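# Architecture at a glance
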Amino acid sequence: MITPRNNLLFWVAVVILPFSLLAAVEPSAGMLFLCAIGVFFLCALADGFAARTCLEGLSVELPAIARMSKDREAKLELRIRNQLQKTAALRVGLSLPPEIQSDHEDAWIALPAGTEWSRFHWNCRPVKRGNYQLDCAYLESASALRFWAVRRQVPLQCEIRVYPNLFTERKDLAALFLHRGSFGLHAQRQVGKGREFEQLREYVPGDGFDEVHWKATAKRGRPITKIFQVERTQEVYVVIDASRLSARPIVSSASGGGRSLSPHPGPLPRGEGRGEGEGTALSSDLATTPTTTLERFITAALVLGLAAEQQGDLFGLLTFTDKVDHFVRAKNGKAHYNNCREALYTLEPRIVTPDYDELCTFLRLRLRRRALLVFLTSLDDSLLAESFVRNIELIRRQHLVLVNMLQPPGATPLFTNPNLATMDELYQHLGGHLLWQKLRELEKILQRRGVRFSLLQDERLSAELVSQYLSVKKRQLL
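Each value, and the rule that gives it
Residues numbered from 1 in each chain as written. Predicted model: local features only at pLDDT ≥ 70, side-chain atom pairs only at ≥ 80, totals over all residues. Heavy atoms only, no water. Phe/Tyr/Trp six-rings, centres within 6.5 Å; stacked < 30°, edge-to-face > 60°. Buried < 20%, exposed > 50% of the residue type's maximum accessible area, 1.4 Å probe, protein only. Helix = DSSP H or I, 4+ residues; strand = E, 2+ residues; numbered from the N terminus. Pairing = 2+ DSSP bridges. Contact = heavy atoms within 4.5 Å.

## Focus on the packing of aromatic side chains
Under the counting rule described, the total for this entry stands at 9 aromatic pairs. With a centroid separation of 6.1 Å and 80° between ring planes, the pair formed by Phe120 and Trp122 is classed as edge-to-face. Take Phe120 and Trp122: they sit in the same class, and that class is buried. With centroids separated by 5.2 Å and ring planes inclined at 80°, the aromatic side chains of Phe327 and Phe362 adopt a geometry described as edge-to-face. Placement of Phe327 in strand β15 (residues 324-331) and of Phe362 in helix α7 (residues 356-366) is noted, with a sequence separation of 35 residues between them. A relative accessible area of 22% places Phe327 in the partly exposed class. Judged by relative accessible area, which is 17%, Phe362 ranks as buried. The structure contains a cluster of three or more aromatic residues connected by ring pairs, namely Phe320, Tyr356, Phe375 and Phe388.

## Some remarks on the pairing of strand β5 (residues 88-94)
With respect to burial, β5 is a largely interior element, 5 of its 7 residues being buried. The sheet contact formed by β5 and strand β7 (residues 106-111) spans 6 bridges and is antiparallel. Residue Ala89 lies in a different strand from β7, and its bridge partner there is Ala110. By the bridge criterion, 5 bridges tie β5 to strand β9 (residues 130-142) in an arrangement that is antiparallel. What sits directly across from Leu94, in β9, is Ala137.

## Points about unusual backbone geometry
Look at Gln85: it is not a glycine, yet its phi comes out positive at around 55°. Tracing the backbone shows Gln85 in the loop between β4 (74-82) and β5. Here Arg146, not a glycine, exhibits a phi torsion of approximately 65°, which is positive. Mapped onto the fold, Arg146 is located in the loop between β9 and β10 (148-163).

## Focus: the side chain of Asp458
Its place among the elements puts Asp458 in the loop between β18 (452-456) and α10 (461-475). Residue classification places Asp458 among the buried positions, given a relative accessible area of 16%. Each residue touching Asp458, except ones within four places of it in the same chain, is listed here: Ile250, Arg296 and Leu406.

What follows is the structure, encoded as structure tokens:
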């Protein structure tokens, strides 16, 4: 497509209008003025005809898959091919989805002569997790006399994958990932002797009879003792609720750390080849999408996966709504962690009621080995809490179960807020106390069944999950 530029309008005003007025004032020289106008028209038409070849040999390529993190600045690498290797000033625009924000819609790029490929970095920032397709780009170039602009749409095949942002969470847990000691910055003493078989050795006075390997003793004709070690390949599963309650937006809390409901909780707790006009840095005040409960669950699950990988355990995932949606068997390694991340980055909440009956039946049939099950769900609905308590009986004896949920807004004990000014605030605070009391009763019911229930703050969710996991490792509860 060819469109007129401002230069053409300017020269029309400079040439045609004055000469037309002069032709009206001086009829004798009118023929000369008309010839000048005609020459201008011929130049403009010739320039427009020659402009059709301005974009010949120019194309744009993007990587097939571009990976980004939510709310973090990223760069898309554009590779521009100039087959004719001529100097050109090219205007490029990308049809980014609304979830990928950029502070500029297009950019002018100067292509040098004698170079077939040039690289250009497009600054952007995703504000929502998910999978997005970038299917076209727009090119524009000016004609030789700058009278016309030639535009063309070129197809692209680029998949943008926006993952949860783990930078803040990992910064809060930096000591864990410094590779100093067994459990982070300081090594901690292991309690107990472990239950994982390591090797056999000769009997030493003082060994207990329960440590004697009787078959090896009978075979060798002398006492043989079994040596055990602390378990290093335990299975850890995070069970994520993606049903209707996980779609609720999170109201930020001013308080810091997470806590249990009970007053005395237990022991668990710049590139080359840039052209001129490259986009500037993004402004820091771009709007972001509201954080949902599911978003926090996904971030905390991935951070816990990193902690399990650090400790040498096997990490797995399960997401459910009214059925089991995704199940990733516990393994370790970087490739497995990437598979877990791929399973979660497109997860969205569904407006359905969770089915704990099918979930617990699935876990009972699929998980034969004893494992740590970390539930991330919401049980402030009385019917859902009753269903959960009833169905947890299927798995509580075989597995170690930890249940965690975010603290609902206002769910605090009575008289904790002395700044109540109106009667409405008083009744609202009273309603929050009743909800807190119900959750505390639920905690006691689950505690009698050997299930630990914790009510956590949003800001400390990931840190508290890692703390609970390390406490289980230290006490060898599995």
